[in-house]
Amino acid sequence: MNTPFTQVVLYTDTDGRARFRETPIALNEGSPAARLSALLPATACQLRQSPVGFRSEFHCTGAAQWLFVLQGCMEIGLQDGSWRAFGPGQHFYSADTLPEGATFDPALHGHRSRQVGDEPLVTLFVRG
C-alpha cells in the first residue's frame, strides 16, 4: 500500500485571505518498509522558542516555509475566526504570502498564531 503523505498548506487564496488545504505528497521512492517522497527543496532552517502566552497579530509569511512543532502547541487563526491547532510532531507548509502588488491590510490578509498550554512552544522552520 502506498499511502501519500498529507501536506497541510496555509496559503493565500485568490481573494487575498488565508486558508488551509490538504495536498497529498506521493511517497514513490524508498522501499516498502520506508517509503520516501522525492527530494524537496530547502535553503535554510531556523529554530524558534516562544514563551507561554506568546501571540502574534495578523501577518503574512515572508517566504514559503515548512513549520514543524517540536514542543508545545501552536494555534493558527484565520480572518474568518477559525483556528487550527498543531502539536508536537505536527506540521504545516506556510505559503500565506502577501499577494503581489498588495499593501498589507490586517483586516484582510494573513493569519495569527499563539502558543497554547503550559509549556513553551518550540518550532522548526524549513525554508523551501
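Residues numbered from 1 in each chain as written. Predicted model: local features only at pLDDT ≥ 70, side-chain atom pairs only at ≥ 80, totals over all residues. Heavy atoms only, no water.

### Thoughts on the overall build of the chain
When you go through the chain residue by residue, the secondary structure sums to zero helices and 11 strands. Taken from the N to the C terminus, the helices and strands of the chain come in the order β-β-β-β-β-β-β-β-β-β-β. For the chain, the residues scored as buried account for 34% of the 128 residues in total. Partitioning the intrachain contacts of the chain with sequence separation of at least 6 by distance along the chain shows that 68% fall at a separation of at least 24. Side chains of the chain give 10 positive and 12 negative charges; the mean places of these two sets differ by 1 Å. (Helix = DSSP H or I, 4+ residues; strand = E, 2+ residues; numbered from the N terminus. Buried < 20%, exposed > 50% of the residue type's maximum accessible area, 1.4 Å probe, protein only. Contact = heavy atoms within 4.5 Å. Lys, Arg positive; Asp, Glu negative; His and termini not counted. Charge placed at Lys NZ, Arg CZ, Asp CG, Glu CD.)

### Some remarks on the environment of Gln-79
If you trace the backbone, Gln-79 turns up in the loop between β7 (73-77) and β8 (83-86). Residue class for Gln-79 comes out buried when judged on its relative accessible area of 19%. When the C-alpha positions of Gln-79 and Tyr-93 are compared, they lie 18 Å apart, and in sequence the two are 14 residues distant. Excluding residues that lie within four positions of it along the chain, Gln-79 makes contacts with Arg-17, Phe-58, Pro-106, Ala-107, Leu-108, His-109 and Gly-110. Here the side chain of Gln-79 touches Pro-106 through a polar contact of 3.0 Å, landing on its backbone oxygen. (Polar contact = N/O pair within 3.5 Å; in protein donor to acceptor, adjacent residues only side chain to side chain.)

### Some remarks on the sheet that holds strand β11 (residues 121-127)
One open sheet accounts for six strands, arranged β2-β1-β9-β6-β11-β5; its pairing is mixed. Strands at the two margins of the open sheet, each flanked by one partner only, are β2 (18-25) and β5 (44-50). Recorded for the sheet is a direction-independent mean angle of 25 degrees between the axes of neighbouring strands. (Pairing = 2+ DSSP bridges. Axes fitted to C-alpha atoms, helices over the stretch in contact; angles between N-to-C directions.)

### Concerning the side chain of Thr-61
Topologically, Thr-61 is positioned in the loop between β5 and β6 (65-71). Side chain to side chain, Thr-61 and Ser-94 meet in a polar contact 2.5 Å long. Those residues in contact with Thr-61 that lie beyond four places of it in its chain are Ser-94, Asp-96, Thr-97 and His-111.

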